[in-house]
Amino acid sequence: MQIPMSAMPFTTTVHPFRSPTSNACAYEIGPGNAINALVFIGGLGDGPHTVPYARELAKRMKEDSLLGYSLFEFRLKSSYDGFGFARLVDDVADIAALVKYLRSIGMERIVLMGHSTGCQDCLEYTDPAHNAPPVDGYILQGPVCDRDAMALECGYAELDASIKTAKKLIDGGEGSSRMTVSRLPSFMRDTPVSAWRWYALTAPDGEDNYFSPELTEQVAAPYWSRVDKPLLILHSGDDEFVPKSVDKEALVKRWQGYCKPGIASELSGTIPGANHKVEESAAEEWLCDTVIQFLRSFG
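Residues numbered from 1 in each chain as written. Predicted model: local features only at pLDDT ≥ 70, side-chain atom pairs only at ≥ 80, totals over all residues. Heavy atoms only, no water.

Enquirer: How do you make sense of the overall build of the protein when you look at a structure like this?
Expert: Looking only at helices and strands, the protein features 9 helices and 8 strands. The C-alpha radius of gyration computed for the protein amounts to 19 Å, which stays within 12% of the reference 19 Å derived for 299 residues, consistent with globular compactness. When its C-alpha atoms are laid out on the principal axes, the protein stretches across 55 × 50 × 40 Å. Looking at the protein residue by residue over its 299 residues, the buried ones come to 54%. (Helix = DSSP H or I, 4+ residues; strand = E, 2+ residues; numbered from the N terminus. Rg over C-alpha atoms; globule rule 2.2 N^0.38 Å. Buried < 20%, exposed > 50% of the residue type's maximum accessible area, 1.4 Å probe, protein only.)

Quick look at the structure:
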């Protein structure tokens, strides 16, 4: 029986750095002489080393001696079970701290790559209100709408009832209170979630709702038009957290159209046969090929 790469021992270089999150460390996989950094940001429940394709991507980048990239993963305040009492603004503060550190050690080019909620983090990072240190590009893999993903589990009626409960707590000044477990979908019940974060994740006007197909151009276009560096958008072709009724190719094209000319890469689209975490070998290979092609386009 062949052991999957994700279950095999691997070597990483640990970088302690100053961050709003205590005892922060970044984990680098790549050549010792890398001059560029791909910063990988996972989704809800993720943390360093939980998304298998990140390690394969690091391996592929290392094999390309002319690319000069290492992959960096790190623990955010929201990592693993911490997302229930964190916000996107907390993630931006953690990412900004790592970007400053990477610049301080001489990294010339820094690209942020988000998976799932990491995609929301990337778009949140572009908000001028944060005054975050500039990076050189963005990659979004699996940019799903959490509201629709949750509704696949519990239905919109139950979901909207839970949102109503969260809103009542927020309006009563108890936004930091934990949501009653019975109000959450079964797969969310092991993680404490505040009323504020639940509303942010699932309400139509929640602050995490960047990727709903239902967003009007008036709401969505400003998010995409503020991106001022090269952007690669990759939906997973068979993403289990996206309703089958959603035309993902059309949605990506719509988002590309909201971007300034020349920002959204023509490589953007859907990953054939990929689930949310791109766990199929052929899909993983396609993803790695496309990301490397995008990184090469920087010249």
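Enquirer: Where do I start with the packing of aromatic side chains in this structure?
Expert: Note on aromatic pairs: each is described by the distance of the centres and the angle between the planes. Evaluation of the coordinates by the stated rule reveals 8 aromatic pairs. Within the aromatic cluster, the residues linked to one another by ring pairs are Tyr 210, Phe 211, Tyr 223, Trp 224 and Trp 255. Over the face of the ring belonging to Phe 10 we find Arg 55, whose NZ or CZ atom lies 3.9 Å from the ring centre. (Phe/Tyr/Trp six-rings, centres within 6.5 Å; stacked < 30°, edge-to-face > 60°. Lys NZ or Arg CZ within 6 Å of the ring centre and 35° of its normal.)

Enquirer: When you look at the side chain of Thr 290 in this model, what are you seeing that I'm missing?
Expert: Along the chain, Thr 290 turns up in helix α9 (residues 281-296). In this structure Thr 290 comes out as buried when scored by relative accessible area, which is 7%. For Thr 290, the residues in contact, after removing those within four places along its chain, are Leu 232, Leu 234 and Leu 267. (Contact = heavy atoms within 4.5 Å.)

Enquirer: Even after reading the chapter, I still don't get unusual backbone geometry, so can you show me in this structure?
Expert: Generally, phi is negative for residues other than glycine and the peptide bonds are trans, each holding for most cases. We note that Asn 23 has phi near 55°; this positive angle belongs to a residue other than glycine. Checked against the element boundaries, Asn 23 lands in the loop between β1 (13-16) and β2 (25-29). Although it is not a glycine, Asn 131 sits at a positive phi angle of roughly 50°. Residue position: Asn 131 is located in the loop between α3 (117-125) and β6 (137-141). Judged by relative accessible area, which is 69%, Asn 131 ranks as exposed.

Enquirer: Even after reading the chapter, I still don't get the packing of helix α2 (residues 88-104) against α3, so can you show me in this structure?
Expert: Packed helix pairs are specified by the crossing angle of their axes together with the interaxial distance, meaning the distance between the axes. Between α2 and α3, the shortest axis-to-axis distance is 9 Å and the interhelical angle comes to 75°. Here α2 lies roughly perpendicular to α3, going by the angle between them. Contacts between α2 and α3 pair Leu 88, Val 89, Asp 91, Val 92, Ile 95, Ala 96 and Val 99 from the former with Thr 117, Gln 120, Asp 121, Glu 124 and Tyr 125 from the latter. Of the residues belonging to the contact of α2 with α3, the class tally is 7 nonpolar, 2 polar and 3 charged. (Axes fitted to C-alpha atoms, helices over the stretch in contact; angles between N-to-C directions. Parallel < 35°, antiparallel > 145°, perpendicular 65-115°, else oblique. Nonpolar A, V, L, I, M, F, W, Y, C, P; charged D, E, K, R; others polar.)

Enquirer: I'm lost on the sheet that holds strand β8 (residues 269-271) in this one. Help?
Expert: Sheet strands pair by backbone hydrogen bonding; their relative direction is either parallel or antiparallel. Taken in spatial order, the 8 strands line up as β1-β2-β4-β3-β5-β6-β7-β8 in an open sheet, and their pairing is mixed. The two strands at the open ends of the sheet, each matched to only one other strand, are β1 and β8. Sheet twist, expressed as the mean angle between neighbouring strand axes with direction ignored, is 25°. The sheet strands contacting α9 are β4 (69-74), β5 (109-115), β6, β7 (231-236) and β8, and the helix crosses β7 at an angle near 170°. (Pairing = 2+ DSSP bridges.)

Enquirer: Whenever I open this one, the side chain of Ser 212 confuses me. Can you help?
Expert: Counting through the fold element by element, Ser 212 comes out in the loop between α6 (195-202) and α7 (217-225). You can call Ser 212 buried: its relative accessible area is 8%.

Enquirer: Explain helix α1 (residues 52-63) to me, please; I cannot follow it from the model alone.
Expert: Helical periodicity: at 3.6 residues per turn, an α-helix aligns residues three or four positions apart in one direction. With 12 residues, α1 should reach 16 Å at 1.5 Å per residue; the first-to-last C-alpha distance of 18 Å fits that figure. Those residues of α1 that fall on the buried side of the exposure criterion are Tyr 53, Ala 54, Arg 55, Glu 56, Leu 57, Ala 58 and Met 61. The inward-facing, buried residues of α1 contact β2, β3 (36-41), β4, β5, β6 and α9. (Expected span 1.5 Å × (residues − 1).)

Enquirer: Explanation requested: the environment of Arg 254 in the structure shown.
Expert: Structurally, Arg 254 can be placed in helix α8 (residues 248-258). Judged by relative accessible area, which is 33%, Arg 254 ranks as partly exposed. Setting aside residues up to four positions removed in sequence, Arg 254 forms contacts with Pro 213 and Leu 215.

Enquirer: Would you take a moment to explain the nonpolar core for this structure?
Expert: Nonpolar side chains tend to gather and get buried jointly when the protein is soluble and globular. By size, the foremost hydrophobic cluster in this structure holds 47 residues, and its most contacted members are Phe 74, Leu 102, Leu 112, Tyr 125, Trp 224 and Leu 231. Top element by residues in this core is α2. It accounts for 9 residues. Setting aside its immediate chain neighbours within four residues, Trp 224 contacts Leu 123, Leu 140, Phe 211, Leu 231, Ile 233, Trp 255, Tyr 258 and Cys 259. Counting residues in each nonpolar core, the second largest holds 28 residues, with Ile 29, Val 51, Met 113 and Ile 271 among its members. (Core = buried A, V, L, I, M, F, W, Y, C linked by side-chain atoms within 4.5 Å.)

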